[in-house]
Amino acid sequence: MTIAQNTQAAMVSGFVESLQEPRTPYISPKRFSKALGVQVTNLADLTGVHRNTLRNPASERLQSRMREMIKAITAAATLTGDISKAIYWYRNEPIAEYDHKTAAELVAEGHFEAVLSYLRDLENGARG
């Protein structure tokens, strides 16, 4: 592994570690919403789950959706080299190939694989 790859791996690992619910094996909705810069109540929209689901952080559906979001953000971070830029892209940049929806909108609608495919295409130089 190169120094750049090690640095990138450490950045991603640190980000993911910062999202852990203390003393549990779960992603903390509160910590994740803070990292995204949204209210906890708005996390329901971004994850595509009912707002009452946020009351149960151990909910497998909630955890699964947050893992998908984290995978998309960390994949984007490998391209941008920065978690903050990746989060900004994830939440704000429209993707022309997907009706100008953002990655966040696509993941909330259940199109996580489309976002990863798009990022793979970018990584492989498929888009200028």
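Details of the structure are given in the entry above.
Keep in mind the model is a prediction, meaning the values are calculated, not measured.

### Some words on the overall build of the chain
Right, on to step 1. Helix and strand counts for the chain stand at 7 helices and 0 strands.
Right, on to step 2. Going residue by residue from the N terminus, the α and β elements of the chain occur as α-α-α-α-α-α-α.
Right, on to step 3. Relative to the 2.2 N^0.38 estimate, which gives 14 Å for 128 residues, the radius of gyration of the chain is 15 Å and therefore close to what a compact globule would have.
Right, on to step 4. Considering only C-alpha atoms, the chain reaches an extent of 40 × 35 × 20 Å along its principal axes.
Right, on to step 5. Looking at the chain residue by residue over its 128 residues, the buried ones come to 36%.
Right, on to step 6. When contacts within the chain are restricted to residue pairs at least 6 apart in sequence, those whose partners lie at least 24 apart make up 43%.
Right, on to step 7. When the accessible surface of the chain is split by element, carbon and sulfur atoms take 48% of a total near 7600 Å².

### Some details on the environment of Asp82
Right, on to step 1. Along the chain, the position of Asp82 falls in the loop between helix 4 (60–80) and helix 5 (83–92).
Right, on to step 2. Residue Asp82 is classed as partly exposed on the basis of its relative accessible area of 29%.

### Focus on helix 5
Right, on to step 1. If you check which residues of helix 5 are buried, you get Ile83, Ala86, Ile87, Trp89 and Tyr90. End-on view of helix 5: buried residues confined to an arc of 160°, all on one side of the axis. Facing away from the buried side of helix 5 by more than 90 degrees, the exposed set consists of Ser84, Lys85 and Tyr88.
Right, on to step 2. At the N-terminal end of helix 5, a side-chain oxygen is found 2.9 Å from the backbone nitrogen of Ser84, two or three residues along, and the residue is Asp82.

Procedures and definitions
Residues numbered from 1 in each chain as written. Predicted model: local features only at pLDDT ≥ 70, side-chain atom pairs only at ≥ 80, totals over all residues. Heavy atoms only, no water. Helix = DSSP H or I, 4+ residues; strand = E, 2+ residues; numbered from the N terminus. Rg over C-alpha atoms; globule rule 2.2 N^0.38 Å. Buried < 20%, exposed > 50% of the residue type's maximum accessible area, 1.4 Å probe, protein only. Contact = heavy atoms within 4.5 Å. Areas by Shrake-Rupley, 256 points an atom, 1.4 Å probe, with all protein chains shown as cover. Arc of directions from axis to C-beta. Polar contact = N/O pair within 3.5 Å; in protein donor to acceptor, adjacent residues only side chain to side chain.

Any functional reading would require information beyond the geometric quantities listed.
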